[in-house]
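Residue-level listing of the chains:
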Amino acid sequence: MNFKAILYIIGFLLMLTGLFMLSSIIFSILYNGNDIPAFLISGIGTSTIGFLLWIIFRKAKGSEIRKKEGYLIVTLGWLVMSFFGSLPFIIHGAIPNFTDAFFETISGFTTTGASILNNVEALPSGLLFWRSMTHWIGGMGIIVLSIAILPFLGVGGMQLYQAEVAGPSKDKLHPRVQETAKRLWAIYVFFTGIETILLLFGGMNLLDAICHSFGSLATGGFSTKNQSVAFYNSAYIDYVIIIFMFIGGTSFSLHYFALHGKISAYFKDSEFRFYFGFISLTVLFTTLFLFFNNSLSFEKSFRNATFNILSVLTSTGFAIADYEAWAPFFSTFFLILLLFGACAGSTSGGVKMIRYQLLMKHGILELKRLVHPHAVLPVRHNGKAVPNDIISRVAAFVFLYLVIFGIGSFILSFLGLDIKSAMGSVAACMANIGPGLGLTGPVSNYSGVPDLGKWFLSFLMLLGRLELYTVLIIFSRAFWKE
Amino acid sequence: MLIVIAGMGSVGFHLAKQLSKESHDIVAIDADSEKLTYAGSLTDILAIHGSSTSIQTLKDAKIEKADLLVAVTSSEEVNITTAILGKKLGAKKCIARVGNAEYLSSNSGINFSQLGIDYLIYPEEMAAQEIVSLIFRTAATDVLEFEKGKLSILGLKLDKNAPVIQRKISEVAHEYTSVDFRIVAIHRNLKTIIPTGNDKFLFNDQVFVITNPEGIEMSLKLAGKENLKFENIMILGGGRIGKRVAELLEGTMNVKLIESDEQKSIDLADELKNTLVLRGDGRDIDLLAQEGIIDMDAFIAVTEDAETNIISSLMAKHLGVTKTITLVDRVDYIPLTQTIGLDSLINKKLIAANNISRFIHKGEVIAVATLEGIDADVYEYTAHPGSPITKQKIKDIHFPKEAIIGGMIRNNEGHIAIGDTQIHGGDKVVVFALPGVIKKIEKYFH
């Protein structure tokens, strides 16, 4: 194991994190916050430690990074970043407890958006900005950002890219991974800018507009208001956020092609069609149900349905209504949605559409195979046969995901949560959604979860964000055997 | 530069690896997804699965934007078709690998550039040429010739009794001022260094020296060697390389060629009039003994199988053959074979890849070569009038430490470079460089 190279890159990640922290000071100054010292201490401290690591291990620059190192750098990087990222909250005193601060920060970086804060509005502006900033950094991924910045990573960069951008399809937009990373970030920044402007038009102030853009594009879900987006009570804002949550949940490769004039790329992609179709069906059903059973207007029913379904499906976690209050069966309905996720290659979490889609096709073909035992029936995706090893990898992933979901639910009920809250919070954290069901549902938060449970959920968030294997592999014996 | 490489066999893979390190954008096409995945996991490339003769696949590879298309699959037909299609679809330059000398000959009557193929490479021919020059320069482990021998780089292993052992380079240079040579690199303990005047020569060093024709004799003497005249040659393996080497040597030397395949050996005997063709297994020591391996001056092992070549060369060396030349096409074996005492190695894949890379380097590269088994490349550049390299004397231009200017060819005459040398526009300059500095060097010639 090349520990020098690992520490060298982690040093770089810390410098970046520190710089991002320092940038939050702008809002502390703008809104006269009392959090300037907290940012100065933690920002300068973090970048200095990063800089020292970077200098001490500079000889490791350009040394080989293999797959193993890639996994370790990414997992450790995310942990270390979450640790340092929680400093501003602790130093300022807004979240004095380390467990809570770490939970809040890793929930930010993994774009989960699960909060332990009962009164968000009490936070000074700088901290609010930093809290949403963690979403934005984690959404496209800090490793992808580093690859875009560091020119010398080369093949090593690819190992890192594969460890952070997990999933069945890793489209390279350009022959070189650095250029691919640059393009992904450019699209990301572009959409963030557009959304911020649109939200400003909707009457939000600058801080709220930026924070909600970060929250929706990164599919994170931290809001600056206690009532989340419901606070604004504005159809315009709701629709803008709906659109950008949808964009955040779509594969960024497709955005890239669309921005290069091939708008048709969206509907040529079979996963996108599935994603769109799935949303349309669930929204249609929910809208009709709300319209006929609750005394809401058709538009309001449609808006509530779309916003909440997209918020859960894309793993954002903003709320404009308490879906559990609509009807008892909606708890089950949303528990199922919690396990879905949006498209691969997006900023969303969860199992992802493509995996269900492939397994579904595989399952249906199995019936045909029983009737025609000699038929050659490959699973097709986008018109091409998918190799069997990919199908079995997807099956293994989904199985592992469900096993962890089961074990996790058990652990949380053991710690004292009722079954609905336990299952809901495990599903919501693993899929990086945020609000779950019951105790941790859309109108409450995670402050009631015992400390041990918070640590366990933090672990699940990271597991979910890095799509299981990158984290799990570090616990395997084969990984450490030279 | 956007470079599309069709075929991720060992030539394609080596090329992709080398070029992506130099930050070119590489798109690789192969019909074998396993090979692609392997290449894609070790190099920074965009891998496209499919046949390179499919128009759609070529379009997916952005062929219309490609600066260069290199077709190096194992099939000649596929390569030629790919290059022709690629050119029509917009690739600026196309190179195809062939396996037949007919294509290269000037009286083939076919104008390949009209078809869209700018350059054909035939690695076996290049390998055969390199073997032959090694046979004529018997004392050297490596020979690279520039402009028909006006300048050559020789690799020399220092013997125990070499007069320069334990002496500094600057001392030796001082003593032999009349001789034109320059030490460009020393390969020691599997590492290649670009020496300064203060470095000492040690026993068993592999020294690379650039010299003009007059300096060759003296360079050999200083290394404790003398050039022997070879008479008896044994070649193992009657493939394309073996056959070509026999063709080139059979007029001047006694050549014996061993081939295990019956039909092939009959065909070879038919075509090679002055060569004694033997049928048998080259690892069979009785056969070798019977055919007088002890009296051989050189043993050339060029079968398809790297292991056979290595084992039989070791056997020949053991039996006292002066010089062995071994074809090792597995790049990963190269460092290993050096430590077990083989003389000269030939790798046709590296040769092919180097020949292609000269199309890629900017700044008028005329030739690129890799010395087998050491980590360095040799480039031949044309110095443009007004380019930075011509502005000052060599010692004043701050040339990168990882590279060295060996010499230049001016008015058809080879000159060795020293600190006071001034390069003129139009000179052909030979540069010896460690990997990764090519970009820096290019600036001097651009």
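Residues numbered from 1 in each chain as written. Chains lettered and ligands numbered in written order. Predicted model: local features only at pLDDT ≥ 70, side-chain atom pairs only at ≥ 80, totals over all residues.

Engineer: Whenever I open this one, the domain arrangement of chain A confuses me. Can you help?
Structural biologist: Interfaces are often sized by the amount of accessible area the parts lose when they come together. Residue and element names in this part refer to chain A. Domain boundaries assigned for chain A yield domain 1 (1-166 + 450-482) and domain 2 (174-405). Each of domain 1 and domain 2 was reduced to a C-alpha centroid, and the two centroids are 25 Å apart. Mapped onto the side of domain 1 that touches domain 2, the elements with two or more residues apiece are α7 (125-140), α8 (142-149), α9 (155-164) and α21 (451-465). In terms of residues, the side of domain 1 that touches domain 2 owes the most to one element, α7, which gives eleven residues. (Domains from an automatic or database assignment. Helix = DSSP H or I, 4+ residues; strand = E, 2+ residues; numbered from the N terminus.)

Engineer: Explain the interface of chain B and chain A to me, please; I cannot follow it from the model alone.
Structural biologist: Opposite the nine residues of chain B that make contact, chain A presents eight residues. Counting residues per element, the side of chain B that touches chain A draws most heavily on strand β2 (residues 25-30) of chain B, which supplies three residues. (Contact = placed C-beta atoms within 7 Å.)

Engineer: When you look at the domain arrangement of chain B in this model, what are you seeing that I'm missing?
Structural biologist: Residue and element names in this part refer to chain B. On domain assignment, one finds that chain B holds domain 1 (2-121), domain 2 (132-222), domain 3 (229-321) and domain 4 (352-445). Taken together, the contact between domain 1 and domain 4 spans 14 residues of the former and nine residues of the latter. Counting residues per element, the ones that place at least two in the side of domain 1 that touches domain 4 are α1 (10-21), β4 (68-71) and β5 (93-97). The element best represented in the side of domain 1 that touches domain 4 is α1, accounting for five residues.

Engineer: Help me understand unusual backbone geometry in this model?
Structural biologist: Excluding glycine, most residues fall at negative phi; most peptide bonds, likewise, are trans. Residues and elements named next belong to chain A. One non-glycine residue with positive phi stands out, namely Ser228, at about 60 degrees. Its 25 C-beta neighbours within 10 Å are what place Ser228 among the buried residues. Its identity is not glycine, yet Asn382 carries a phi of approximately 50 degrees, on the positive side. Positionally, Asn382 belongs in the loop between β1 (380-381) and β2 (384-385). Note on Asn382: 11 C-beta atoms within 10 Å, which makes it exposed. (Buried ≥ 20, exposed ≤ 12 C-beta atoms within 10 Å, placed from the backbone.)

Engineer: Is there a simple way to explain the packing of helix α10 (residues 177-201) of chain A against helix α11 (residues 206-217) of chain A in this structure?
Structural biologist: Relative placement of two packed helices is described by the angle separating their axes and the distance separating the axes. Residue and element names in this part refer to chain A. One way to put it is that α10 packs onto α11 with a least axis distance of 8 Å and a crossing angle of 135 degrees. Between α10 and α11, the interaxial angle falls into the category oblique. Our pair here, α10 against α11, has a crossing hand that is right-handed. Across from Tyr188, Phe191, Thr192, Glu195, Thr196, Leu199 and Leu200 in α10, the residues of α11 making contact are Leu206, Ala209, Ile210, His212, Ser213, Phe214, Ser216 and Leu217. Residues belonging to the contact of α10 with α11 are distributed by class as follows: nine nonpolar, five polar and one charged. (Axes fitted to C-alpha atoms, helices over the stretch in contact; angles between N-to-C directions. Parallel < 35°, antiparallel > 145°, perpendicular 65-115°, else oblique. Left-handed = near helix turned anticlockwise from the far one by under 90°. Nonpolar A, V, L, I, M, F, W, Y, C, P; charged D, E, K, R; others polar.)

Engineer: Looking at this model, I keep getting lost on the environment of Ser132(A). Mind explaining?
Structural biologist: All names here are of chain A. Following the sequence through the fold, Ser132 ends up in helix α7. Taking the C-alpha atoms as reference, Ser132 lies 12 Å from Val120; in sequence the two are twelve residues apart. Contacts of Ser132, omitting those with residues within four sequence positions, involve Cys211, Phe214, Gly215 and Phe222.

Engineer: Is there a simple way to explain the sheet that holds strand β12 (residues 232-236) of chain B in this structure?
Structural biologist: Hydrogen bonds along the backbone pair up the strands of a sheet, which may run parallel or antiparallel. All names here are of chain B. Sheet architecture is open: six strands sit in the order β14-β13-β12-β15-β16-β17, paired in parallel fashion. Among the strands making up the open sheet, the edge pair consists of β14 (275-279) and β17 (344-346). On average, each strand axis in the sheet is tilted by 15 degrees relative to the strand beside it, whichever way the strands run. Pairing of strand β16 (residues 323-327) with β17, which is carried by three bridges, proceeds in the parallel orientation. (Pairing = 2+ DSSP bridges.)

Engineer: I keep staring at the sheet that holds strand β1 (residues 2-6) of chain B and nothing clicks. Help me out?
Structural biologist: Residue and element names in this part refer to chain B. The strand order across the open sheet built from six strands is β3-β2-β1-β4-β5-β6, with neighbouring strands paired in parallel fashion. Whereas interior strands pair on both sides, the edge strands pair on one side only; in this sheet they are β3 (46-49) and β6 (119-121). Averaged over all adjacent pairs, the angle separating strand axes in this sheet is 20 degrees, with direction ignored. Direction of pairing for β4 relative to β5: parallel, over a ladder of four bridges.

Engineer: What is the right way to look at the confidence of the model for chain A in this model?
Structural biologist: Low pLDDT means the predicted coordinates in that region are not meant to be read closely. In the predicted model, chain A carries a mean pLDDT of 86, and the fraction of residues at 70 or more is 97%. Within chain A, the element-level pLDDT minimum falls on α9(A), averaging 72, and the maximum on helix α12 (residues 235-248) of chain A, averaging 92. (pLDDT = per-residue confidence, 0-100.)

Engineer: Honestly, the pairing of strand β13 (residues 254-259) of chain B in this entry has me stumped. Any pointers?
Structural biologist: Look at any regular strand and the pattern is simple: side chains alternate between the two faces of the sheet. All names here are of chain B. Examined bridge by bridge, β12 and β13 share five bridges and lie parallel to one another. Bridge pairing links Asn232 to Asn254 in β13. Crossover connection from β12 via helix α9 (residues 240-249) to parallel β13: handedness right-handed. Direction of pairing for β13 relative to β14: parallel, over a ladder of five bridges. Residue pairing for β14: Ile258 is matched across the bridge by Leu278. Read from β13 through helix α10 (residues 262-271) to β14, the crossover connection turns out right-handed. (Right-handed = clockwise from strand over helix to strand, strands pointing away.)

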